[in-house]
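The primary structure of each chain is shown beneath.
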Amino acid sequence: MTHDAPHDPRRPDLGSGEKSEPSSTVGAAPEQAEPPEPPILDQVFDGDSLYALRSAVEAHAVAAGMPQGRAEDVVICVHELATNAIRHGAGTGRARLWHLSRRLRCQVDDDGAPSAAAPPPDGDPTDRWPYRRGHGLWLIRCAADAVSLRSDRTGTHVVLTFALPEPGPRPPFRLTTRAVRDGTPAGRPRLILTATGHLDRKAGAELLGTATDLMTDSRAELILDLRAVAYWDTAGIAALSGLQHRVQQDPSARLTVVLGESSLRERLRHTGLADRLLLVADLADLGDAVDQDGADLCDGVDQDGADLADGPAERPEDTGPAR
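Structural notes, computed from the coordinates.

Parameters and conventions
Residues numbered from 1 in each chain as written. Predicted model: local features only at pLDDT ≥ 70, side-chain atom pairs only at ≥ 80, totals over all residues. Heavy atoms only, no water. Pairing = 2+ DSSP bridges. Helix = DSSP H or I, 4+ residues; strand = E, 2+ residues; numbered from the N terminus. Axes fitted to C-alpha atoms, helices over the stretch in contact; angles between N-to-C directions. Salt bridge = Lys/Arg side-chain N within 4 Å of Asp/Glu carboxyl O. Buried < 20%, exposed > 50% of the residue type's maximum accessible area, 1.4 Å probe, protein only. Phe/Tyr/Trp six-rings, centres within 6.5 Å; stacked < 30°, edge-to-face > 60°. Lys NZ or Arg CZ within 6 Å of the ring centre and 35° of its normal. Contact = heavy atoms within 4.5 Å. Parallel < 35°, antiparallel > 145°, perpendicular 65-115°, else oblique. Left-handed = near helix turned anticlockwise from the far one by under 90°. Nonpolar A, V, L, I, M, F, W, Y, C, P; charged D, E, K, R; others polar. Core = buried A, V, L, I, M, F, W, Y, C linked by side-chain atoms within 4.5 Å.

## Observations concerning the sheet that holds strand β9 (residues 190–199)
In a beta sheet, neighbouring strands pair by backbone hydrogen bonds and run either parallel or antiparallel.
And then number 1: In spatial order, the strands read β8-β9-β10-β11-β12; together these five strands make up an open sheet with mixed pairing. Across the chains shown, the open sheet's two edge strands, defined by having one partner strand only, are β8 (174–180) and β12 (278–280). In this sheet, neighbouring strand axes are inclined to one another by 25 degrees on average, regardless of whether the strands run parallel or antiparallel.
And then number 2: Summarising the sheet, β8 and β9 pair through seven bridges and their orientation is antiparallel. Its bridge partner lying in β9, L175 is registered against A195.

## A look at the pattern of salt bridges
And then number 1: Summed over the entire model, instances satisfying the criterion amount to 15 salt bridges.
And then number 2: One salt bridge in this structure joins R190 and E221, with 3.4 Å as the shortest N-O distance. Linking R190 in strand β9 with E221 in strand β10 (residues 221–232), this pair joins segments that are 31 residues apart in sequence. Here R190 matches E221 in class, with each residue buried.
And then number 3: When the shortest N-O distance is used, the salt bridge between R227 and D225 registers 2.9 Å.
And then number 4: Given a relative accessible area of 32%, R227 falls into the partly exposed group.

## Considering the packing of aromatic side chains
The description of an aromatic ring pair rests on the distance of the ring centres and on the angle between the ring planes.
And then number 1: On inspection of all chains with the given rule, the structure shows zero aromatic pairs.
And then number 2: Over the face of the ring belonging to W98 we find R105, whose NZ or CZ atom lies 5.1 Å from the ring centre.

## Remarks on the environment of A230
And then number 1: Take A230: it is sitting in strand β10.
And then number 2: Put simply, A230 and T196 are 34 residues apart on the chain and 7.0 Å apart in space, counted from C-alpha to C-alpha.
And then number 3: Excluding residues within four positions of it along the chain, A230 makes contact with P171, G197 and H198.

## A word on the packing of helix α2 (residues 68–88) against helix α3 (residues 136–143)
Between two packed helices, both the angle of their axes relative to each other and the distance between the axes serve to describe the pair.
And then number 1: Between α2 and α3, the least distance of the axes is 9 Å, while the angle of their chain directions is 155 degrees. Comparing the axis directions of α2 and α3 gives the class roughly antiparallel. Viewed along their axes, α2 and α3 form a crossing whose handedness is left-handed. For the pair α2 and α3, the contacting residues are R70, C77, E80, L81 and N84 in the first and G136, L137, L139, I140 and A143 in the second.
And then number 2: A breakdown of the residues in the contact of α2 with α3 according to their chemical character gives six nonpolar, two polar and two charged.

## Re the nonpolar core
And then number 1: With 34 residues, the main nonpolar core has M66, L104, L160 and F162 as its most contacted residues.
And then number 2: Those elements giving two or more residues to this core turn out to be β3 (41–46), α1 (50–63), α2, β4 (92–100), β5 (103–110), α3, β6 (146–152) and β7 (155–163).
And then number 3: Apart from residues lying up to four places away in sequence, M66 is in contact with A61, A71, V74, L104, F162, A163, L164 and Y231.
And then number 4: Within the second largest apolar cluster, 30 residues are counted, among which are L207, L214, L240 and L243.

## Quick word on the environment of L240
And then number 1: With respect to the secondary-structure elements, L240 resides in helix α5 (residues 234–249).
And then number 2: For the pair L240 and G204, spaced 36 residues apart in the sequence, the C-alpha separation amounts to 7.8 Å.

So, in structure tokens, the structure goes:
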């Protein structure tokens, strides 16, 4: 644990009830009041200590139970916030992490220099820490489960929340395929590619390769079922972006993504992928041709996908648990 930052009266106490200037919230708003327990990390930073901050955040996120890929997402978010505090705030700030029940809470405060005391002319605190596609707050919005931002006379304060996975061994990432007896109205076969386990960098690469091969080799309409994905990180989402690009480049390619109630839907919305991918909540939304129990399969096609569409397709090697 790191507790090397005693309370500084210039820094905000979000539980004090102090009146703030207008605030901005993206995603579901995490709690603003500070938890009663001490943070697992409490570290002051400036332009010369970002490396130490990144290292400390990663170590504490992993110790709290974050898979490595998701811990890297936390590091990226905290680094972006710290950089904003340095560039657009006082030049220094404070980062804190709390390990709470099933979630990791991150809070970054800048020191609120007098030059930043007055609110921006239009009253929008995001003008102080710019929000542009591909930059700082946009990246954070895509990665964190919940984000809230508040600016007042003491500076800018951002609270992030990241869900922690279920405790215990991580389920291995697996892909299974099956074909649907009835094709699309155009006679094109339908293949269902089901992913289970954790969708991280390694799993995302496997998913992207397998899905691309299926669409290319069989010319089938691919239904990607992600309802059983237990956890994900931004590298896994990048694989979905790669699939969307593949579909965009080939007018004949067809891809539908089944998400259920997954939190992935919100992340895809923030990244803009939700507008470019065909998303459905359930296989039933695809019509009677798709049997959710797997009974409505082509003759000779097994649940493990050993024989697909017009000929056998190479199965991805089972590499065991995703890392």
